[in-house]
Amino acid sequence: MDRRRIDSRLGPRRGLPPVLLSLLALVILIVSCVPHRFGGDQAAAERSTATGQPSPPGAATAETTPDPASPAATPSRTRVVYLDPGHGGPDTGTGGTTLDGTWVQEKDVTLAIALRTAERLRAAGIEVVLSRTSDDLPGLEPQDVLPDGEGLTAEGVLRDLQRRIDHANASGANLLLSIHLNGHVDPAATGTETYYDSTRPFSDESRRLAELIQRHVVEGLREAGYDAVDRGVFDQTELEAPGLGVLPDYPHLVMLGPAVPGRLRPSAMPGVLNEVLFLSNPTEASLAQQPEIQDRIAQAYTDAILEFLAAVKS
């Protein structure tokens, strides 16, 4: 099975077919819970579970944050989950046409799924922080947007991702889930896949989370009557990620990868990026916009996260 994909923010990757694959979900991911080092600023961020706003200026402002040495931080009394609905605002992500001709944008579907997931996790007693709770991108500056208003500049993408990473770190989250939808030049491409970064000190935790997310999403879609293709769990280093064009020789997804001194502060907790369906496939685009399917995916995420947290020592 061809499991190659392209992220619209990352450009072509190793082994892509001659025809440039079409977009997709970018960015993000991270790894392992930091020991609570942000003091009052962190506590404030944890209390702001639904604002989607960046943490106070004092939280995570060091120019470079080294990878934590331990695979998991001391958990807080309440478990915290950071949900990152990919894209937003002028950055629409990938898109596709449903069977009835409706155009569906990635940024809208990721937000809908994230909000449904947050509701379920909170009902289970989990604190949830989101990178955004609307179509707005918190902290977006005018210079981050392309002149025509359609999309972000390369530096704007990097700044947007850095804000998300800093926000996740300041929240004291036990894990991070970045939600995306896939795109491909071949409309027949279908299925679900999940990525993690093997180079981080908490990579074993991230891989375990990735396997849980992948299994529960595939099972959930099949229970809903759709025979979803299980494309698998992959180390993101299997991809060619050219650092958004602004981080030379950086073979990582920005949300998952290590620090770049002076340029990138890394995420600090186990994390994964899930590509739940292909919007470039009309059948999957049709499914992705259905509230019932969004609910099913949200429940799958919730079940996977709760199973992951149950094995984390308190």
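Residues numbered from 1 in each chain as written. Predicted model: local features only at pLDDT ≥ 70, side-chain atom pairs only at ≥ 80, totals over all residues. Heavy atoms only, no water.

## Focus: the pattern of salt bridges
Applying the stated criterion across every chain, the model contains 16 salt bridges. Salt-bridge contacts for Asp 144 lead to Arg 163; the nearest nitrogen and oxygen are separated by 3.4 Å. Taken together, the residues span a long stretch of sequence, with Asp 144 in the loop between β4 (127–130) and α3 (154–171) and Arg 163 in helix α3 at a distance of 19 residues. Residues participating in the shared-partner salt-bridge network are Asp 84, Asp 160 and Arg 164. (Salt bridge = Lys/Arg side-chain N within 4 Å of Asp/Glu carboxyl O. Helix = DSSP H or I, 4+ residues; strand = E, 2+ residues; numbered from the N terminus.)

## With respect to the sheet that holds strand β6 (residues 192–196)
Spatial ordering of the open sheet is given by β4-β1-β5-β8-β6-β7, a layout of six strands whose pairing is mixed. Two strands lie at the open edges of the sheet, namely β4 and β7 (230–235), each paired on one side alone. Between one strand axis and the next, the sheet turns through 20° on average, direction left out of account. Looking at chain direction, strand β5 (residues 175–182) and strand β8 (residues 271–278) are connected through six bridges and run parallel. Bridged to Asn 182 within β8 is Phe 278. α3 rests against β1 (80–85), β4 and β5 of the sheet, and its axis sits at about 165° to β1. (Pairing = 2+ DSSP bridges. Axes fitted to C-alpha atoms, helices over the stretch in contact; angles between N-to-C directions. Contact = heavy atoms within 4.5 Å.)

## Structural notes on the packing of aromatic side chains
Under the defined criterion, the tally for this structure stands at one aromatic pair. Between the aromatic rings of Tyr 195 and Phe 234, the centroid separation amounts to 5.8 Å while the plane-to-plane angle is 45°, which identifies the pairing as tilted. Residue Tyr 195 is located in strand β6, and its partner Phe 234 is located in strand β7; the two are separated by 39 residues in the primary sequence. For Tyr 195, a relative accessible area of 0% gives the class buried. (Phe/Tyr/Trp six-rings, centres within 6.5 Å; stacked < 30°, edge-to-face > 60°. Buried < 20%, exposed > 50% of the residue type's maximum accessible area, 1.4 Å probe, protein only.)

## Re the environment of Val 128
Among the structural elements, Val 128 can be located in strand β4. Taking the C-alpha atoms as reference points, Val 128 and Ala 118, ten residues apart in sequence, are found 6.0 Å from one another.

## Re unusual backbone geometry
You will see that His 87, though not glycine, has its phi angle at about 70°, which is positive. Tracing the sequence through the fold places His 87 in the loop between β1 and β2 (95–97). The phi angle at Asp 249 is positive, at roughly 55°, despite the residue not being glycine. On the secondary structure map, Asp 249 appears in the loop between β7 and β8.

## A word on the nonpolar core
Core analysis: the largest hydrophobic core is formed by 41 residues, its most contacted members being Leu 83, Ile 213, Leu 277, Tyr 301 and Ile 305. Mapped by element, the contributors of at least two residues to this core are β1, α2 (106–123), β4, β5, α4 (203–223), β8, α5 (282–288) and α6 (291–310). For Ile 213, the contacting residues outside a window of four places in its chain are Leu 177, Thr 194, Val 272, Asn 274, Tyr 301, Ala 304 and Ile 305. In this structure, Leu 158, Ala 168, Leu 247 and Tyr 250 belong to the second largest nonpolar core, which totals 20 residues. (Core = buried A, V, L, I, M, F, W, Y, C linked by side-chain atoms within 4.5 Å.)

## Here we look at the environment of Gly 86
Relative to the helices and strands, Gly 86 resides in the loop between β1 and β2. Between the alpha carbons of Gly 86 and Ala 114 there is a distance of 9.5 Å; along the sequence they are 28 residues apart. Setting aside chain neighbours within four positions, we find Gly 86 in contact with Lys 107, Thr 110, Arg 132, Arg 164, Ile 179 and His 180.

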